[in-house]
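# Structural characterization, general
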Amino acid sequence: MPDHALITKPWSELSIEELYAFVKLRTDVFLVEQKVDEAELDWRDAEPTTLHYWVEREGVTAAYLRVLEDAEPEHADARRLIGRVVVHPDHRGAGLALALLERVVADWGHEALLLHSQSYIAPLYARAGFEAFGEEYVEAGIPHISMYRAGRPD
């Protein structure tokens, strides 16, 4: 039995406490720890097609990501974009990010998926079937690489 709960909800079903917990996690890691100097809150969280995935472990939000749906594909045929992947420092190394990715692939793997990975963590995404493409680039002061996963029939 896993030692965590994996939860998925659209914006309209989030409680104030759930929203606060993952926004707090995102800001603690991206803004405070990583010193990202770009806006964290972009209103894409509230889009009706955005899905929020997170792991509750030991009474805290231990890991989070969101899946956006774009009207037009950013690359190839990928209209779904995984982003804001984050793991609480106290829960890193426990496989929580991979558990979230595997859940997204289970839910949406029949469609093409796209993400923009911090370069050092690209091997994690490769384990979930993503392949790097293009040149490395710097976003928010951090090296990134774009990654794509082709849709696969069930």
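See the structure above.
Remember, it's a predicted structure, so these values are computed and weren't measured experimentally. Residues take numbers from 1 onward in each chain, read along the sequence in its written order. The predicted nature of this model means local features are confined to residues of pLDDT at least 70 and side-chain atom pairs, given and counted, to a pLDDT of 80 or more, with totals for whole chains, interfaces and linings taken over all residues. Processing note: side-chain calculations cover all non-hydrogen atoms of the structure and skip hydrogens and water entirely.

Next up on the list: the overall build of the protein. In DSSP terms, a helix is any run of H or I states spanning at least four residues, a strand is any run of E spanning at least two, and both are numbered starting from the N terminus. A count of helices and strands for the protein gives three helices and seven strands. Along the protein, helices and strands appear, N-terminal first, in the series β-α-β-β-β-α-β-α-β-β. Since a compact globule built from 154 residues should have a radius of gyration of about 15 Å, the 15 Å found for the protein is in line with a globular shape. Projected onto the principal axes, the alpha-carbon positions of the protein cover approximately 40 × 35 × 30 Å. C-alpha atoms define the radius of gyration, and 2.2 Å times the number of residues to the power 0.38 defines the globule rule.

Expected helix span is computed as 1.5 Å times (number of residues minus one). Spanning 13 residues, helix α2 (residues 96-108) covers 18 Å between terminal C-alpha atoms, matching the ideal 18 Å at 1.5 Å per step. Note on exposure labels: buried denotes an accessible area under 20% of the residue type's maximum, exposed denotes more than 50%, and partly exposed covers the range between, all computed with a 1.4 Å probe on protein chains only. Those residues of α2 that fall on the buried side of the exposure criterion are L96, A97, L98, A99, L100, L101, V104, V105 and W108.

This brings us to the packing of aromatic side chains. Put simply, two rings from Phe, Tyr or Trp (the six-membered ring, in Trp's case) pair if the centres are within 6.5 Å, and we call them stacked under 30 degrees between planes, edge-to-face over 60, tilted for the rest. Per the stated rule, a full pass over the model turns up two aromatic pairs. Plain terms: the ring middles of F22 and W54 are 5.7 Å apart, the flat faces sit at 50° to each other, and that makes the pair tilted. Within this pair, whereas F22 is found in helix α1 (residues 16-33), its partner W54 is found in strand β2 (residues 51-57), the two being separated by 32 residues in sequence. With respect to class, F22 is no different from W54; both count as buried. Geometrically, the ring pair formed by F22 and Y64 is stacked, given 4.4 Å between the ring centres and 20° between the ring planes. You can see F22 sitting in helix α1 and its partner Y64 sitting in strand β3 (residues 60-69), a full 42 residues away along the chain. Take F22 and Y64: they sit in the same class, and that class is buried. Members of the aromatic cluster, joined through ring pairs, are F22, W54 and Y64. Only when the NZ of Lys or the CZ of Arg is both within 6 Å of the ring centre and within 35 degrees of the ring normal is a charge said to sit over the ring. The positively charged end of R80 is found above the aromatic ring belonging to W108, 3.5 Å away from the centroid.

Let us now look at the pairing of β2. Within β2, six of the seven residues are buried, which leaves it mostly tucked inside the rest of the structure. Pairing of strand β1 (residues 5-10) with β2 involves six bridges; the strand directions are antiparallel. When the sheet's bridge partners are listed, K9 is paired in β2 with H52. A pair of strands is treated as paired once DSSP finds two or more bridges between them. As paired elements, β2 and β3 share seven bridges and run antiparallel to each other. If you follow E56 over to β3, its bridge partner there is T61. Between β2 and β3, which pair antiparallel in sequence order, lie two residues; one of them, E58, sits at a positive phi of approximately 55°.

Time to look at unusual backbone geometry. Notably, A76 is not glycine yet its phi reads approximately 50°, a positive angle. Here A76 is to be found in the loop between β3 and β4 (80-87). Here A76 falls in the exposed class, since its relative accessible area comes to 55%. A positive phi angle, close to 55°, is found at A140, a residue other than glycine. As for its position among the elements, A140 is in the loop between β6 (131-139) and β7 (142-149).

Read these as geometric descriptors, not functional statements.
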